[in-house]
Amino acid sequence: MVLEFDMRFDPRHGEAVEIAAGVSRLTAPNSSPFTFHGTNSYIVGTRNLAVIDPGPQDESHLAALLQAINGRPVSHIFVTHTHRDHSPLARPLAEATGARMFAEGPHRPAREVHVGEEYRLDASNDIDFQPDHALSDQDIVEGDGWALRTVLTPGHAANHAAFALEGTGILFSGDHVMAWSTTIVAPPDGSMPDYMNSLDRLLERDDSLYFPGHGGPVRNPPAFVRGLRTHRKMRERAILDRIVQGDRRIPDIVAAIYRDTDPRLFGAAGMSVLAHLEDLVARGAVSTDGPAALEGEFRPA
């Protein structure tokens, strides 16, 4: 199955765009190779509101959110996960509106942190975020005319959650599933087995439309999620093939199987290869000395 990405997206930075009944999107001006045109923040409701993923620490985006809110009460702020492009603006928005913050929990790694990995935790993660209310899987939070169901989807981050707008078929999928790109799974934040299991969880649901953390909507979720699973399995086979053919280090594997990727993303590609290799080592398909690491050497088991 060929995985086709949808790059069509007009961010309209600073402007609230109505994308469904009672749902508006504002895209933060933090465009990059990792965030596409920027982080999507969503406003849910018409009278008493919820905001999903307020976004990065950016005063212009906070001002745009407050302008779109236009004095209406905001009761809830939901955070899909604690990367710095999604959660830092939650506290300033809460202070400005009096809303309470809801998320799976504070930031944590998906596994034990090995020596030398600490810098990656500080570089891209909002370790200061603390929700007012911790959410469990299938928790339903009700507001004025809306209800959001928590669907825990660890993988991209250990505390990643999606939120289903009950009665609509809409799922706010965060960075777990996006129409424009595959998701980065970067240890120790991310876990490939968790990510694959979370894809399976979504296939058990009957959502008809995803609104992701970056880019435009996923309009045929079952087919797209199946395509993501197939893509990851193909990547796993390609990594195994490279090791069998004699590649021993992650940069060599990346150079071979990510030839058509923007070189600026090679570092992220290396992290995803590491996530696959951690899984392959745990399953006994690949061997290495000590824990799987970016600088490690890998051999067929």
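What you are looking at is a predicted structure, and each value in this text was computed from that prediction instead of being measured.

Criteria and cut-off values
- Along each chain, the written sequence defines residue order, and numbers are assigned to residues from 1.
- Whole-chain, interface and lining totals are the exception, using all residues; otherwise, since this is a predicted model, local features are given only for residues with pLDDT of at least 70 and side-chain atom pairs are given and counted only at 80 or more.
- Only hydrogens and water are removed before side-chain values are computed, so all heavy atoms of the structure are retained for them.
- The angle between two axes is taken between their N-to-C directions and runs from 0 to 180 degrees, where each axis is a line fitted to C-alpha atoms and a helix contributes only its stretch in contact.
- The helix and strand labels rest on DSSP assignments: H or I over at least four residues marks a helix, E over at least two residues marks a strand, and numbering proceeds from the N terminus.
- Here the angle decides the label: under 35 degrees means roughly parallel, over 145 means roughly antiparallel, 65 to 115 means roughly perpendicular, and every other value means oblique.
- Handedness of a crossing is defined here by the sense of rotation of the near helix relative to the far one, left-handed for an anticlockwise turn of less than a right angle and right-handed for a clockwise turn.
- Contacts are assigned to residue pairs that have any heavy atoms within 4.5 Å of one another.
- Each residue gets one of three labels, nonpolar for Ala, Val, Leu, Ile, Met, Phe, Trp, Tyr, Cys and Pro, charged for Asp, Glu, Lys and Arg, and polar for the others, Gly among them.
- As defined here, a cavity is a set of points on a 1 Å grid over the protein atoms alone where a 1.4 Å probe fits but cannot get out. A pocket is an open set with protein on both sides within 12 Å along at least five of seven lines, and residues line them when an atom is within 4 Å of a point.
- Grid points are joined across faces, edges and corners, and a volume is the space filled by probe spheres set on the points.

Participant: Outline the packing of helix H1 (residues 59-69) against helix H2 (residues 90-97), listing residues and values.
Facilitator: Their axes nearest at 11 Å, the elements H1 and H2 cross at an angle of 40 degrees. Between H1 and H2, the angle falls in the class oblique. Along this stretch, H1 crosses H2, giving a crossing that reads as right-handed. In this structure, H1 uses Leu62, Leu65, Leu66 and Ile69 to contact H2, whose residues at the interface are Pro92, Leu93, Ala96 and Thr97. In terms of residue class, the contact of H1 with H2 is built from seven nonpolar, one polar and no charged.

Participant: Hey, could you go over the layout of surface pockets for me, with residue numbers and the actual values?
Facilitator: Each pocket or cavity is described by its volume, and for the largest pocket that value is around 1200 Å³. Taken together, 41 residues make up the lining of the largest pocket; nearest its centre are Phe34, Thr183, Ile184, Leu265 and Ala268. Elements with a contribution of two residues or more to the lining of the largest pocket: helix H3 (118-124), helix H5 (221-244), helix H6 (250-257) and helix H7 (266-282). Along the lines of polarity and charge, the residues of the lining of the largest pocket split into 20 nonpolar, eleven polar and ten charged.

Participant: Explain empty space enclosed by the protein to me, and be specific about the residues and the numbers.
Facilitator: Throughout the structure, instances matching the rule amount to one cavity of 30 Å³ or more. Counted as a void, the largest cavity has a volume near 40 Å³. For the lining of the largest cavity, the secondary structure elements donating two or more residues are helix H4 (192-203) and H5. Among the residues forming the lining of the largest cavity, the class breakdown is five nonpolar, no polar and three charged.

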